[in-house]
Amino acid sequence: MIYAQRLKCGIQKFLFFCLSCFFVLVDAIPVFGRLNIPLNAYLLLMYIGTLYHPLMTPTWSLFLVGLIQDAIYGYPIGTSSFGLLLLHGILLTLKNTPLNGTIISGWCGVAVFYLVASVVHWMVLSCVFWQDISLHPLLWGILFPVSLYPFAVKLLNKLSPAN
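In short, a report on the structure. What you see is a predicted model; the values in this text were computed from it and never measured.

Next up on the list: the state of the cysteines. Per the counting criterion, the structure on display carries zero disulfides. The thiol of Cys18 is not disulfide-bonded; the next cysteine sulfur, from Cys21, is found 6.4 Å away.

Following both chains from N to C, one finds helix 1 (residues 2-27) and helix 3 (residues 41-52) inclined at 155 degrees, their axes separated by 8 Å at the closest point. What the angle tells us is that helix 1 and helix 3 run roughly antiparallel. Where helix 1 approaches helix 3, its residues Phe16, Leu19, Ser20, Phe23, Val24 and Asp27 are matched on the opposing element by Ala41, Tyr42, Leu45 and Met46. Looking at side-chain class alone, the contact of helix 1 with helix 3 contains eight nonpolar, one polar and one charged residues.

Attention now moves to the packing of helix 3 against helix 6 (residues 103-129). For any two helices packed against each other, one specifies the inter-axial angle together with the distance between the axes. Taken N-terminus to C-terminus, the directions of helix 3 and helix 6 make an angle of 125 degrees; their axes are 11 Å apart at the nearest point. Between helix 3 and helix 6, the crossing angle belongs to the class labelled oblique. Along this stretch, helix 3 crosses helix 6, giving a crossing that reads as right-handed. Contact residues: helix 3 offers Ala41, Leu43, Leu44, Met46, Tyr47 and Tyr52, while helix 6 offers Gly106, Gly109, Val110, Phe113, Tyr114 and Ala117. Taken together, the residues of the contact of helix 3 with helix 6 sort by class into 10 nonpolar, two polar and no charged.

Another point: helix 5 (residues 79-93). Between the first and last C-alpha of helix 5 there are 22 Å, a value that for 15 residues agrees with the 21 Å anticipated at 1.5 Å per step. The complete set of buried residues in helix 5 reads Thr79, Ser80, Ser81, Gly83, Leu84, Leu87, His88 and Leu91. Of the surrounding secondary structure, the elements contacted by the buried residues of helix 5 are helix 3, helix 4 (59-73) and helix 6.

On to the packing of aromatic side chains, then. Counted by the stated rule, this structure contains five aromatic pairs. Ring centres of Phe17 and Trp60 lie 5.7 Å apart, and the angle between their planes is 45 degrees; on these two criteria the pair is classed as tilted. Linking Phe17 in helix 1 with Trp60 in helix 4, this pair joins segments that are 43 residues apart in sequence. By relative accessible area, which is 13% here, Phe17 ends up buried. Overall, the relative accessible area of 40% leaves Trp60 in the partly exposed class. Three or more aromatic residues link up through ring pairs in this structure, and these residues are Tyr47, Phe113 and Tyr114.

Definitions and limits used
- Residues numbered from 1 in each chain as written.
- Predicted model: local features only at pLDDT ≥ 70, side-chain atom pairs only at ≥ 80, totals over all residues.
- Heavy atoms only, no water.
- Disulfide = S-S within 2.5 Å.
- Axes fitted to C-alpha atoms, helices over the stretch in contact; angles between N-to-C directions.
- Helix = DSSP H or I, 4+ residues; strand = E, 2+ residues; numbered from the N terminus.
- Parallel < 35°, antiparallel > 145°, perpendicular 65-115°, else oblique.
- Contact = heavy atoms within 4.5 Å.
- Nonpolar A, V, L, I, M, F, W, Y, C, P; charged D, E, K, R; others polar.
- Left-handed = near helix turned anticlockwise from the far one by under 90°.
- Expected span 1.5 Å × (residues − 1).
- Buried < 20%, exposed > 50% of the residue type's maximum accessible area, 1.4 Å probe, protein only.
- Phe/Tyr/Trp six-rings, centres within 6.5 Å; stacked < 30°, edge-to-face > 60°.

Read these as layout, nothing more, since geometry by itself doesn't imply function.
Right, here's the structure in full:
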């Protein structure tokens, strides 16, 4: 019985990793680049996974997703991993706050999280490239994933183990 539970948990962690990689790859599709709207669905997955299903969100998967994102976008190795692990640490400190209550409080929490994530992403890229990078495209990336929050919560609740 314990072996089956560990196997199921391992499979769910791997699915989380694969889904995160998929969303990073979808975000790199040129269609979204032309519209100048970043999808950033992997951040939504990280938010829900860290706050509601922490067993599904191992730090190694976030680190590897960051490395994959660095390879796709041509960032220096470790830049995206640093940002993702920093955001993960922020979420872990917020884990025991009232954000875990209703769907509305979670929705407000994800909006604030995306705002913080956009600023962290902007700061890391500005420091790496030593350029003034516009915040405008990053802020547009907040609207789409925040609107997907209720659907993503329902999907991940079906995929994840009971807490």
